[in-house]
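Below are the chains, spelled out letter by letter.
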Amino acid sequence: MKTALTIAGSDCSGGAGIQGDIKTMTVHGVYAMSAITALTAQNTTGVSQILEVSPDFLQAQLDMIFTDIRPDAVKIGMVANAKLIQVIADRLTFYAAKNIVVDPVMVATSGANLMQNEAITALKSLLFPLATLITPNIPEGEILSGLRIRNKDDMIQAALYLQQYYGCAVLMKGGHQTGDADDLLCLDGEVKWFYGKRIDNPNSHGTGCTLSSAIAANLAKGDGIYDAMQKAKAYISGALAAMLDLGKGSGPMNHAYQIIG
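Computed from a predicted structure; not experimentally measured.

Basis of the calculations
Residues numbered from 1 in each chain as written. Predicted model: local features only at pLDDT ≥ 70, side-chain atom pairs only at ≥ 80, totals over all residues. Heavy atoms only, no water. Disulfide = S-S within 2.5 Å. Buried < 20%, exposed > 50% of the residue type's maximum accessible area, 1.4 Å probe, protein only. Salt bridge = Lys/Arg side-chain N within 4 Å of Asp/Glu carboxyl O. Helix = DSSP H or I, 4+ residues; strand = E, 2+ residues; numbered from the N terminus. 1 Å grid on protein atoms, 1.4 Å probe; cavity = no way out; pocket = protein on both sides within 12 Å on 5 of 7 lines; lining within 4 Å. Points joined across faces, edges and corners; volume = space filled by probe spheres on them. Nonpolar A, V, L, I, M, F, W, Y, C, P; charged D, E, K, R; others polar.

**A closer look at the state of the cysteines**
Thought 1: The full count for this structure, using the stated rule, is zero disulfides.
Thought 2: Of the cysteine sulfurs around cysteine 168, a residue in no disulfide, the closest is that of cysteine 186, at 9.5 Å.
Thought 3: By relative accessible area, which is 2% here, cysteine 168 ends up buried.
Thought 4: Of the residues examined, cysteine 186 reaches a relative accessible area of 0% and is grouped as buried.

This is how it looks when you write it as structure tokens:
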């Protein structure tokens, strides 16, 4: 069985973060493991508290994983401070990890910044050079590229810039300013659109976490980036279209829609 590791924060309500990642990887047929960067107290209405782990404890988790069940792919999500990013970069380099997908969780849906400037600098300088693929949404793409993104042409320019600057593939996720569900993949200097029909479902908590985890799972199974993305896009559409309705706020998707209707 192929294996995948998620390095991210815990979402006690189960829709995003470690919990959403593990569900996604499992239904994709890979063995899922996790290294937790932070505990969060949250539900569908918001986050009330965040408790970060220590760098030493994060390193201990990663060492125990890589020295026993080596992951075939790694997904990195919420990492809020530079010291934790340094640990992740050091351990992934030491173990020569492959198929690394970085979801730069920098901006909340509300527009609030989730990372300090020094953490953003560490993310760009330490993790992006190790990545196979990064998956920023449009607000995150603006922060990373320094470019204003107002339309699809702007998305192309920002994705090309990031791909050329960091040397990894870039998936620029639409759906914010552009008003549609179309995503852009920039790979080896070429761009490819993945068109999607916008699904009228207010319950979309964890879509970014889920998409990056699905891509990582597909990479673990041997798919190339293009095929991994195409399959992940179809999976997200199906999970949203299942119209799960839980909680009082923006609820989770049905990660297991293929086996639980």
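From this point, the narrative continues.
**Thoughts on the pattern of salt bridges**
Thought 1: In this structure the tally under the stated criterion is eight salt bridges.
Thought 2: Residues aspartate 63 and arginine 91 are paired through a salt bridge, measuring 2.9 Å at the closest nitrogen-oxygen approach. Placement of the pair is aspartate 63 in helix H2 (residues 55–66) and arginine 91 in helix H3 (residues 82–94), with a sequence separation of 28 residues.
Thought 3: For aspartate 63, a relative accessible area of 18% puts it in the buried group.
Thought 4: The exposure class assigned to arginine 91 is buried, which follows from its relative accessible area of 11%.
Thought 5: Linking aspartate 183 and lysine 233 is a salt bridge whose minimum nitrogen-to-oxygen distance equals 2.8 Å. Here aspartate 183, found in strand S8 (residues 183–187), pairs with lysine 233, found in helix H8 (residues 225–241); they are 50 residues apart in sequence, far enough to count as distant.

**Quick notes on empty space enclosed by the protein**
Rolling a probe over the atoms, with the probe sized like a water molecule, indicates the empty space that remains.
Thought 1: Considering all chains together, one arrives at one cavity of 30 Å³ or more under this definition.
Thought 2: Taken as a whole, the largest cavity encloses approximately 40 Å³ of empty space.
Thought 3: Every residue along the wall of the largest cavity is listed here: Gly77, Val79, Asp103, Pro104, Val105, Met115, Leu123 and Leu127.
Thought 4: A per-class count over the lining of the largest cavity returns six nonpolar, one polar and one charged.

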